[in-house]
Amino acid sequence: MKKRLLYLLPIVLLGLFAAIAWIGLSPSRDPSALPSALIGKPVPSFKLTTLDPASGGLSQQDFAGKVTVVNFFASWCVPCKAEHPLLFQLGKDYNVPVYGIAFQDQTADTARYIQEMGSPYTKIGLDQNGRTAIDFGITGVPETFILDKNGIVRYRLAMPIDADRLAGEIGPLLKSLQ
Amino acid sequence: MTLRAVLLVLLLLGMATALDGAHPARADPTIRTADQPLADPTLEAKARALMREIRCVVCQSQSIDESDADIAANLRNIVREQIAAGKSEAQIRDYLTARYGDFVLLKPPFNRSTLVLWLAPFALALIALGAGVMTLRRSRSAGAKQPNDLSGTERERLNRLLVDDPESGGGRP
Amino acid sequence: MIAEIGHYALVLAFALALAQSVLPMVGAAKGIRPWMAFARTAALAQLVFVGLSFLALVACFVRSDFSVLLVYEHSHSQQPLIYKIAATWGNHEGSLLLWVLILAFFGALVALFGENLPPRLKARALSVQGMIGFAFLAFMLFTSNPFLRLNPAPLEGQELNPLLQDPGLAMHPPMLYLGYVGFSMTFSFAVAALIEGRVNAAWARWVRPWTLLAWTTLTAGIVLGSHWAYYELGWGGWWSWDPVENASFMPWLVGTALLHCETVVEKRDALKVWTILLAIIAFGFSLVGTFLVRSGIITSVHTFAQDPARGLFILAIFIVALGASFGLFAWRAPTLNAGGLFAPISREGALVLNNLLLAVGTGTVFVGTITPMVFSILGLNPISAGAPYYGWTFVPLMAPMVLLMAIGPLLGWKRGDLPGALQRLSAAGIIALVVAGYVLHRQSGTSIWAPLGIALGVWLALGTIIEWIERVKLFRARPRENWNRARHLPRAAYGMTLAHLGLAIAVIGMTGSTAWRVESVQVMKPGDSITIGRYAYHFDGVLPARGPNYLAERASFTVTKDGKPYTILYPERRQYEVQESPTTEAAIHSSIAGDIYAVIGDRAGPDTWTVRIYHQPLVPWLWVGGALMALGGLTSLSDRRYRIGVPNRLPVVQATGA
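Draft legend 1. Representation of the overall build of chain C. The number of helices and strands found in chain C is 20 helices and ten strands. For chain C, the C-alpha radius of gyration of 27 Å lies close to 26 Å, the compact-globule estimate for 658 residues. Taking the principal axes of its C-alpha atoms as reference, chain C extends roughly 80 × 75 × 55 Å. Relative to its full complement of 658 residues, chain C shows a buried share of 60%. Of all intrachain contacts in chain C linking residues separated by at least 6 positions in sequence, the fraction that spans at least 24 positions is 72%. Distance between charge centroids for chain C: 16 Å, based on 46 positive and 34 negative side chains.

Written out as structure tokens, the structure is:
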């Protein structure tokens, strides 16, 4: 009898594996996406010069007291161009300041990019050595973070924003935080 | 040239998710991070050893020591700076996991959630040992009747079975 | 037109597979001979139709017919012919067709060479094989049709990824698939045996050639893949414990255990339950590998595009195939009689231990592969398990096996003499320890892992040779007798000797290349020189070069060893026609002591380049060892005793010889 039970073990294990695989195949799951280690933690402190010298530098203190969107981008990044118009929409429709951080980009290139594409950003920080990006746990660009009023990181998107996500995920989150 | 490996991953991802805008690093940053090996060879060796345990976050299964990706170079320099500044390996690991999560360690940390991962092989070994002991004990042939020792009647019966069975292909005992 | 022919052939094969699955199985149950015999016809016809379909696809690629979607996505008119052909299987749909082709091929082999199989067993085995074919043909026809058309037809294709335009990588999938899919045949035989309720020595002898063929080709496939990664990816690594690499390693480990188990069933009529279970699990892992690569559940350098619908289909095939076979197993296993008895210390005992160690090894790799995936799926804190993890778990658990491998063959069946065996191996042990000491002394650093690894390899190599010496009675009998004995040793014995020797050499190669690799990254301009150890590398310069479908920068490095001219290395940086990113070709010079390896990277300035130079000690031993293992498998395969038919000729010989 005990042996019989032992012989059933393979089927049981198979069932377990199948169940997990089933969940793993759900279309909403992106296997290459890494959840951010920063979710639920305060935004990292940093200090960067800004593209426009007159705006006087960018640091985490700029985010204090309001719901903010932080967007990492670069002039050499093609998907960033694709999501750029949506950043305007984001700022306007949900009444949130969008801060940009240019990642490993020459100042002149960033300036040219902004001139061409327009700026949805309240301020643009220049992270030329990429250290601030690493502090945010960035794996590339574009990446977008949403911070709540207390400066806690609530959301991170490691790919370009698209209209569906804006309406379905980002928009509702922003509304709930405000 | 592991940039190629990275790009191959992305290319393959891109085939199906091209419209989704598969993530990053498809173009190279215009400001590249150069590797700056430490002057002190012992420290550099220590840094390299640690690098082999840190995952390149944009590659698959490669350490930052091996990877060509720019972000890997950045992370390498961070490791070097911190080693030179006298930080311990644990501190550097904490620094990286605070930003990227436990995922960034190729040698998973030993904590409650990874207990399964670390103990499983050895648990399996113990189970196997137990199974082995059981199997071998059952098969102990100390003076047991040999299966080849058939009695006369048994042998006869065997003959009859084999000759009569159309499946046996005509084999003889 | 050709594409449509290919498609119709596939549909016909699908219908045939259905017939092949049903009729012979029913025939075997009810004893209807014509229906059982139909299995043979069906299997042969399957090969014809699937073969036709495959050839049609190849023809589309060779003709650069860009109206076929697959050809457009993976080929280019300037591509060399060999890569146009290889592009056939350099994608999901085409490689799946290759998979099904090999499935049909194995079925046909059994149909052709299985003349002396008992009709029921043959019918059932081919029926199960037909079921697998049916499932995968359905998968192809409904979700992964290779013959989809593109209208209007583009003028030029998107080119096969340059990384895949390489002879090693062109052959890697076919080899691997011969292995993976080869295990389908052992699976079919195992399920057939379960249905029949009988596992005996004869069954083991019939199954063994298929297991050997699958194992040998899988070995070759894995070694080819590693070798390719080594020279192509440019950082001198040959194994990264990637989930898909692991997915090829696990069936290999299980297949090795299965091979050894079959020997015990054949010789001693024991370990039947183990053997059947392993046969099912080996193919199970093949299916898992297929699942991982094609379902989108993970991403890896090896995965094809993500598509959850396809993933679900494969998962369904996997669950049905394994669920049914495990169910059969649970039902029948208790009735399989235990068979021959043996003492714990005996060759059987050693083989049991060997299997257990292999099972633990497989389990470890499985846990390491699956756990990060499971964590990620269940939403837990993501972790990753890379080389360091396996270095601390798999390697220490496998070391005892290498130790055991030298002892096992020297133990007798039923009851072995351990002290005697150890005494005969004492020479091997002493030499191994001496070598370990020498290595410890010569290496920089005090790590014991390298000396240990080398010692294990030496121990196994010498132990294997000692076993052969014993068999041939070298030094104890006259050379004439030695020669006679050597000539008459069964090929399977030589197979074992070669395979074990191969593993020993590979272990030495693995240890050396992992422990003592040296890397030097420099920014150099022409005229610069760097020295690593006894070698000096002088950067001569970079010249443009041209290939059939690429432009290249070719660098030249003059290498001297101890001051004397040694070789010239020509690493390249290639830009292919369509792909935007450049690829590098490393320049490697091999010798028995190891490889020197140069890679030219990005330009770091107007006249400067990033240069990576590696010293890879003992790496060639890895490839030689791997090749020896595969050769061992082939040698065993050629053993007369495994040609089906010999067991039945025996009575005739006895009659005439009497």
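Draft legend 2. Representation of the packing of helix α5 (residues 92-113) of chain C against helix α10 (residues 272-294) of chain C in the model. Residue and element names in this part refer to chain C. For the pair α5 and α10, the least separation of the axes is 12 Å and the interaxial angle reads 165°. Looking at the two axes, α5 sits roughly antiparallel to α10. With respect to the hand of their crossing, α5 and α10 are arranged in left-handed fashion. Contacts between α5 and α10 involve His-92, Ser-95, Leu-96 and Trp-99 from the first element and Phe-283, Leu-287, Thr-290 and Arg-294 from the second. Of the residues belonging to the contact of α5 with α10, the class tally is four nonpolar, three polar and one charged.

Draft legend 3. Here's a closer look at the confidence of the model for chain B. Residues and elements named next belong to chain B. Mean pLDDT over chain B: 70, with 65% of residues reaching 70 or higher. For chain B, the element scoring lowest by mean pLDDT is helix α1 (residues 2-17), at 39; helix α4 (residues 89-100) scores highest, at 90. Per-residue pLDDT stays below 50 along residues 1-26; that stretch engages in 65 contacts with residues further than four places along the chain or on separate chains. Segment residues 165-173 is flagged for pLDDT under 50; beyond a separation of four residues in sequence, or across chains, it makes 15 contacts in the model.

Draft legend 4. Structural context of the sheet that holds strand β4 (residues 98-103) of chain A. Residues and elements named next belong to chain A. Reading across the sheet, the seven strands line up as β2-β1-β5-β4-β3-β6-β7 and stay open at both edges, with mixed pairing between neighbours. This sheet does not close on itself; its edge strands, each paired only once, are β2 (58-59) and β7 (153-157). The pairing of strand β3 (residues 68-73) with strand β6 (residues 143-147) spans five bridges and is antiparallel. Bridge pairing in β6 links Phe-72 to Glu-143.

Draft legend 5. Local environment of the nonpolar core. Residues Phe-189, Trp-203 and Ile-276 of chain C are the most contacted members of the largest nonpolar core, which totals 195 residues. A total of 15 residues in this core trace back to one element, the largest contributor, which is helix α7 (residues 167-196) of chain C. Contacts of Trp-203 of chain C, omitting those with residues within four sequence positions, involve Leu-121, Phe-189, Ala-190, Ala-193, Thr-275 and Ile-276 of chain C. Counting residues in each nonpolar core, the second largest holds 47 residues, with Val-43, Phe-103, Ile-114 and Ile-170 of chain A among its members.

Draft legend 6. Representation of the pairing of strand β3 (residues 535-547) of chain C within the structure. All names here are of chain C. Inspection of the sheet shows strand β2 (residues 529-532) paired to β3 by four bridges, in the antiparallel sense. Counted as the bridge partner of Ser-529 is His-538 from β3. Hairpin connection from β2 to β3: two residues lie between these consecutive antiparallel strands, with Gly-533 at a positive phi of about 60°. As paired elements, β3 and strand β4 (residues 550-561) share twelve bridges and run antiparallel to each other. Its bridge partner lying in β4, Val-542 is registered against Ala-555. Linkage of β3 to β4, two consecutive antiparallel strands, is achieved through a turn of two residues.

Draft legend 7. Representation of the state of the cysteines in the model. All names here are of chain A. Enumeration according to the criterion identifies one disulfide over all chains in this entry. With a sulfur-sulfur separation of 2.0 Å, Cys-77 is cross-linked through a disulfide to Cys-80. Because the sign of the S-S torsion sets the handedness, a value of about 95° for the bond joining Cys-77 and Cys-80 places this disulfide among the right-handed ones.

Draft legend 8. Seen up close, the packing of aromatic side chains. What the rule picks out here adds up to 40 aromatic pairs over all chains. Ring geometry for Tyr-7 of chain A against Phe-329 of chain C: centres 5.4 Å apart, planes inclined by 90°, an arrangement best described as edge-to-face. Residue Tyr-7 of chain A is located in helix α1 (residues 2-24), and its partner Phe-329 of chain C is located in helix α11 (residues 308-332); the two belong to separate chains. Like Tyr-7 of chain A, the residue Phe-329 of chain C is buried in the burial classification. Summarising the aromatic geometry, the rings of Phe-249 of chain C and Trp-252 of chain C are spaced 6.0 Å apart at their centres and angled 15° between planes, so their arrangement reads as stacked. One end of the pair is Phe-249 of chain C and the other is Trp-252 of chain C, both in helix α9 (residues 243-268) and three residues apart, which spans about a single turn. Its relative accessible area of 15% is what places Phe-249 of chain C among the buried residues. In this structure Trp-252 of chain C comes out as buried when scored by relative accessible area, which is 12%. Three or more aromatic residues joined by ring pairs make a cluster, and in this case those are Trp-118 of chain B together with Trp-215, Trp-239, Trp-241, Phe-249, Trp-252, Tyr-389, Tyr-390 and Phe-394 of chain C. Residue placement shows Arg-99 of chain B over the ring face of Tyr-95 of chain B; its charged tip is 3.6 Å from the ring centre.

Draft legend 9. Structural context of the interface of chain A and chain B. Contacts between the two partners involve 26 residues from chain A and, on the opposite side, 28 residues from chain B. Here chain A meets chain B over a buried area of about 2,200 Å², counting both sides, of which 56% is carbon and sulfur. The interface formed by chain A and chain B includes two salt bridges. In this assembly, chain A and chain B are joined by eight residue pairs in polar contact (both at pLDDT 80 or more). The biggest single contributor to the side of chain A that touches chain B is helix α4 (residues 131-135) of chain A, with three residues. Broken down by class, the residue content of the side of chain A that touches chain B amounts to eleven nonpolar, eight polar and seven charged.

Draft legend 10. Looking closely at the sheet that holds strand β10 (residues 609-617) of chain C. All names here are of chain C. The sheet built from four strands is open, its strands ordered β1-β10-β9-β8 with antiparallel pairing. What marks the edges here is a single partner per strand, and that holds for β1 (518-524) and β8 (587-591). Sheet twist, expressed as the average angle between the axes of neighbouring strands with direction ignored, equals 15°. The pairing of β1 with β10 spans seven bridges and is classified as antiparallel. Paired with Gln-522 across the two strands is Val-611, which belongs to β10. Contacting β8, β9 (594-603) and β10, helix α19 (residues 619-637) runs over the sheet at an angle of about 115° to β9.

Draft legend 11. Structural view of the pattern of salt bridges. Considering all chains together, one arrives at 32 salt bridges over all chains under this definition. Two residues, Arg-131 of chain A and Glu-81 of chain B, come together in a salt bridge whose shortest N-O distance is 2.8 Å. With Arg-131 of chain A in helix α4 and Glu-81 of chain B in helix α3 (residues 70-84), the pair connects residues from two separate chains. Overall, Arg-131 of chain A belongs to the partly exposed group, its relative accessible area being 22%. On the accessibility criterion, Glu-81 of chain B (41% relative accessible area) is partly exposed. Here Arg-612 of chain C makes a salt bridge to Glu-519 of chain C, at a shortest N to O gap of 3.8 Å. Within this pair, whereas Arg-612 of chain C is found in strand β10, its partner Glu-519 of chain C is found in strand β1, the two being separated by 93 residues in sequence. Given the relative accessible area of 19%, Glu-519 of chain C is considered buried. What you see here is one network of salt bridges that share partners, running through Arg-48, Arg-52 and Asp-65 of chain B together with Glu-519 and Arg-612 of chain C.

Definitions and limits used
Residues numbered from 1 in each chain as written. Chains lettered and ligands numbered in written order. Predicted model: local features only at pLDDT ≥ 70, side-chain atom pairs only at ≥ 80, totals over all residues. Heavy atoms only, no water. Helix = DSSP H or I, 4+ residues; strand = E, 2+ residues; numbered from the N terminus. Rg over C-alpha atoms; globule rule 2.2 N^0.38 Å. Buried < 20%, exposed > 50% of the residue type's maximum accessible area, 1.4 Å probe, protein only. Contact = heavy atoms within 4.5 Å. Lys, Arg positive; Asp, Glu negative; His and termini not counted. Charge placed at Lys NZ, Arg CZ, Asp CG, Glu CD. Axes fitted to C-alpha atoms, helices over the stretch in contact; angles between N-to-C directions. Parallel < 35°, antiparallel > 145°, perpendicular 65-115°, else oblique. Left-handed = near helix turned anticlockwise from the far one by under 90°. Nonpolar A, V, L, I, M, F, W, Y, C, P; charged D, E, K, R; others polar. pLDDT = per-residue confidence, 0-100. Pairing = 2+ DSSP bridges. Core = buried A, V, L, I, M, F, W, Y, C linked by side-chain atoms within 4.5 Å. Disulfide = S-S within 2.5 Å. Phe/Tyr/Trp six-rings, centres within 6.5 Å; stacked < 30°, edge-to-face > 60°. Lys NZ or Arg CZ within 6 Å of the ring centre and 35° of its normal. Buried area = accessible area lost by both parts, 1.4 Å probe. Salt bridge = Lys/Arg side-chain N within 4 Å of Asp/Glu carboxyl O. Polar contact = N/O pair within 3.5 Å; in protein donor to acceptor, adjacent residues only side chain to side chain.

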